[in-house]
Amino acid sequence: PTGLIWKSSTTDSIKLAWNSRVNVTGYKLYRYNFSKAKWVFVKNVTKNNTTVKNLIPGTGYRFKVRSYYTENGKTYLSPFSAVNNIPTKPNKTAITKVENHPALYANITWNKKTNCTGYQVQYSRYATFKNAGSVKATSPSTLTKKISNLRDNQQYFVRVRAYKTYGNKTTYGAWSKSKAFATNGTRWYNKDGKKYLSKC
């Protein structure tokens, strides 16, 4: 079989598809077992797509497939397809603290999630997150991120989600519940080529 592709992921499942072949009985799907350092058989499939369930959130998996033909009690196997590296989505995180600074920036802190590559923080002046800005924490151990250049006397909404990168693919977990905060009436101004912070 050719064209083994990743269709979608959830936190505990991955959907795969590949090009169908003529004159075959079905397909055999294999997954690499990292603890045993070998490929293991997953299941037989009669169609050219399947969903693998009961997986671990935020984890990278490797799959390959081959077709087979059965006749007179004998089974004939094709060569394997190319290997595809695919991550499941990380679990949902939650914002634990928003520290609003007078210098028009805020520090956002959230819960740590296992098996993720990093986190994305999104912020907007709209509850729908229209025209949202975004910053990333590219380490799973980074649990606080600064968002800067906020407007004065404005309400903002912020939310966070974990992401997992495996191979050349990235999956994003669900967004956390959003939190609102307001900038507190301070602004920067320039005078004689220098920048000053003024209370309003």
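An account of the accompanying structure is given in this report. None of these values were measured; they are calculated from a predicted model.

Turning to the packing of aromatic side chains, a few remarks are in order. Going through the model one piece at a time under the given rule, you end up with ten aromatic pairs. Arranged with centres 5.5 Å apart and planes meeting at 65°, the rings of Trp-18 and Tyr-27 form a pair that is edge-to-face. No difference in accessibility class separates Trp-18 from Tyr-27, as the two residues are buried. Centre to centre, the rings of Tyr-30 and Phe-80 are 5.1 Å apart; their planes meet at 85°, and the pair counts as edge-to-face. On the criterion of sequence distance, the pair formed by Tyr-30 in strand E3 (residues 26–33) and Phe-80 in the loop between strand E7 (74–77) and strand E8 (84–87) is long-range, its members being 50 residues apart. The exposure class of Tyr-30 is buried, given its relative accessible area of 11%. Residue Phe-80 is classed as partly exposed on the basis of its relative accessible area of 34%. Through pairs of rings, three or more aromatic residues link up here, namely Tyr-30, Phe-41 and Phe-80. The lysine or arginine in question, Arg-159, covers the ring of Phe-129, its NZ or CZ lying 4.0 Å from the ring centre. For Arg-159, the ring lying beneath its charged end belongs to Trp-175, and the centroid distance is 4.4 Å.

Bringing the pattern of salt bridges into the picture now. Applying the stated rule across the entire model yields one salt bridge. Here Lys-97 and Glu-99 are joined by a salt bridge, their closest N and O atoms 3.9 Å apart. Residue classification places Lys-97 among the partly exposed positions, given a relative accessible area of 43%. The partly exposed category is assigned to Glu-99, whose relative accessible area is 38%.

The next thing to look at is the sheet that holds strand E10 (residues 105–110). Here we have three strands laid out as an open sheet, ordered E9-E10-E13, and antiparallel in their pairing. On the outer flanks of this sheet lie strand E9 (95–101) and strand E13 (144–147), each paired with one strand and no other. Neighbour-to-neighbour, the strand axes of the sheet open up by a mean angle of 20°, direction not taken into account. In the sheet, E10 pairs with E13 via four bridges, with the strands oriented antiparallel. Residue pairing across strands places Thr-109 opposite Thr-144, the latter belonging to E13.

What follows concerns unusual backbone geometry. Positive phi, normally seen in glycine, also occurs at Phe-129, with a value near 65°. Position of Phe-129 among the secondary structure elements: in the loop between strand E11 (118–124) and strand E12 (133–137). One non-glycine residue, Asn-149, adopts positive backbone phi at about 60°. Mapped onto the elements, Asn-149 comes out in the loop between E13 and strand E14 (155–166). For Asn-149, a relative accessible area of 76% translates into the label exposed.

Attention now goes to the sheet that holds strand E1 (residues 5–9). Strand order in this open sheet of three strands is E1-E2-E5, and the pairing throughout is antiparallel. A single partner strand is all that each edge strand has here, and the edge strands are E1 and strand E5 (49–52). Between one strand axis and the next, the sheet turns by 25° as a mean value, whatever way the strands run. Pairing between E1 and strand E2 (residues 14–17): four bridges, direction antiparallel. If you follow Trp-6 over to E2, its bridge partner there is Leu-16.

Rules and cut-offs
- Residues numbered from 1 in each chain as written.
- Predicted model: local features only at pLDDT ≥ 70, side-chain atom pairs only at ≥ 80, totals over all residues.
- Heavy atoms only, no water.
- Phe/Tyr/Trp six-rings, centres within 6.5 Å; stacked < 30°, edge-to-face > 60°.
- Buried < 20%, exposed > 50% of the residue type's maximum accessible area, 1.4 Å probe, protein only.
- Helix = DSSP H or I, 4+ residues; strand = E, 2+ residues; numbered from the N terminus.
- Lys NZ or Arg CZ within 6 Å of the ring centre and 35° of its normal.
- Salt bridge = Lys/Arg side-chain N within 4 Å of Asp/Glu carboxyl O.
- Pairing = 2+ DSSP bridges.
- Axes fitted to C-alpha atoms, helices over the stretch in contact; angles between N-to-C directions.

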